[in-house]
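What follows is the residue order along each chain.
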Amino acid sequence: RNAAVKAEVIAAKARQAESEGRLAAAEARAANTCVWSTFAGQCANGVSQGYGEVVYSRGSASRGESFAGLLEGGKRVLGVFSSPVHPTVGSASQSRYEGQFAPDVNNRAGGEYGLAVVYYHDGSSYQGEVALGARDGFGVLRKSDGSRTEGRWSKNAPSEVVSWDANGSRIRSN
């Protein structure tokens, strides 16, 4: 349960980083500095460094996705990643990730790692530990119908959890 509370704190910091990133991007565009095909924001020596915004487009598999927040050495660290409904996953796909990122070579969605709050297109949300974009570690999944599942997750699958219905009645544990 402690991880879910910490995830809320990290998410608040991520939302602040998102605001800073969007502001830095607007300033960079206005000054026409540190603006590349997919990035606008703060940079040093030709590399995104500090706050900024990345918008994925131009025929990539990530079309329509965006990130705003803190980058170090061109890699996402903390911020908000937004995604439209994925055509093959549909409403179960994530729509918004607010949290920590592990630096990865490609700066893709797979860098989602640490504590986060994740919102899904179907109206559900998850607060807790995430690894490579999946629920992994302790966390709480809240469904849009008001039910919730709390406990340990492994690669998006519940492993040691307790579930409650929308009225708060315990319905399952394993």
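Trainee: Give a description of the overall build of the protein chain that names residues and reports values.
Mentor: Helices and strands together make up the secondary structure of the protein chain, namely one helix and eleven strands. Along the protein chain, helices and strands appear, N-terminal first, in the series α-β-β-β-β-β-β-β-β-β-β-β. The buried share of the protein chain, reckoned over its 174 residues, is 44%. Put simply, of all contacts in the protein chain between residues at least 6 apart along the chain, 28% involve residues at least 24 apart.

Trainee: Account for the state of the cysteines, with residues named and values stated.
Mentor: For the structure shown, the criterion picks out one disulfide. A disulfide bridge connects Cys34 with Cys43, and the sulfur atoms are separated by 1.7 Å. As the torsion about the S-S bond is roughly -55°, the Cys34-Cys43 disulfide counts as left-handed. Using a relative accessible area of 27% as the deciding quantity, one classes Cys43 as partly exposed.

Trainee: Report on the pairing of strand 9 (residues 148–154), specifying residues and quantitative values.
Mentor: Relative to strand 9, strand 8 (residues 134–142) runs antiparallel, the two sharing six bridges. Bridge pairing in strand 9 places Leu141 opposite Thr149. Counting the residues between successive antiparallel strands, the hairpin from strand 8 to strand 9 contains five residues, one of them, Gly146, with a positive phi of roughly 95°. Linking strand 9 to strand 10 (residues 157–164), which pair antiparallel, is a turn of two residues; within it Lys155 sits at a positive phi near 50°.

Trainee: So what's going on with the packing of aromatic side chains? Which residues, and what values?
Mentor: Using the criterion set out here, one finds four aromatic pairs in the structure. Relative to Phe101, the ring of Phe67 has its centre 5.2 Å away and its plane inclined at 80°; by these criteria the two rings are edge-to-face. You can see Phe67 sitting in strand 3 (residues 66–72) and its partner Phe101 sitting in strand 5 (residues 94–101), a full 34 residues away along the chain. Classification of Phe67 as buried rests on a relative accessible area of 0%. Given the relative accessible area of 5%, Phe101 is considered buried. When the centroid spacing of 6.1 Å and the interplanar angle of 85° are considered together, the rings of Tyr126 and Trp153 count as edge-to-face. One end of the pair, Tyr126, is in strand 7 (residues 125–131); the other, Trp153, is in strand 9, with 27 residues separating them in the sequence.

Trainee: Go over the side chain of Ser163, please, and point to the residues and values.
Mentor: Counting through the fold element by element, Ser163 comes out in strand 10. Residue classification places Ser163 among the buried positions, given a relative accessible area of 5%. A polar side-chain atom of Ser163 sits 2.9 Å from a polar atom in the side chain of Thr149. When sequence neighbours within four positions are dropped, the list of residues in contact with Ser163 reads Arg148, Thr149, Ser169, Arg170, Ile171 and Arg172.

Trainee: Outline the confidence of the model for the protein chain, listing residues and values.
Mentor: When pLDDT is averaged across the protein chain, the result is 84; 86% of the residues are at 70 or more. Per-element mean pLDDT across the protein chain ranges from 84 in strand 11 (residues 170–173) up to 95 in strand 9.

Trainee: Describe helix 1 (residues 2–31), naming the residues involved and giving the relevant values.
Mentor: The end-to-end C-alpha distance of helix 1, which contains 30 residues, comes to 43 Å, matching closely the 44 Å that a straight helix rising 1.5 Å per residue would cover. When helix 1 is considered as a whole, its buried residues turn out to be Ala3, Ala4, Ala7, Ile10, Ala11, Ala14, Ala17, Glu18, Gly21, Ala24, Ala25 and Ala28. A positive backbone phi angle near 55° is found at Asn32, which sits one or two residues after helix 1.

Trainee: Report on the sheet that holds strand 5, specifying residues and quantitative values.
Mentor: If you walk across this open sheet you meet the eleven strands as 1-2-3-4-5-6-7-8-9-10-11, and the pairing is antiparallel. The open sheet has two edge strands with one neighbour each: strand 1 (39–44) and strand 11. Between one strand and the next, the sheet's axes are offset by a mean angle of 15°, whatever the strand orientation. As judged from the six bridges shared by strand 7 and strand 8, these two strands associate in the antiparallel manner. From the neighbouring strand, Val130 faces strand 8, where its bridge partner is Arg135.

Criteria and cut-off values
Residues numbered from 1 in each chain as written. Predicted model: local features only at pLDDT ≥ 70, side-chain atom pairs only at ≥ 80, totals over all residues. Heavy atoms only, no water. Helix = DSSP H or I, 4+ residues; strand = E, 2+ residues; numbered from the N terminus. Buried < 20%, exposed > 50% of the residue type's maximum accessible area, 1.4 Å probe, protein only. Contact = heavy atoms within 4.5 Å. Disulfide = S-S within 2.5 Å. Pairing = 2+ DSSP bridges. Phe/Tyr/Trp six-rings, centres within 6.5 Å; stacked < 30°, edge-to-face > 60°. Polar contact = N/O pair within 3.5 Å; in protein donor to acceptor, adjacent residues only side chain to side chain. pLDDT = per-residue confidence, 0-100. Expected span 1.5 Å × (residues − 1). Axes fitted to C-alpha atoms, helices over the stretch in contact; angles between N-to-C directions.

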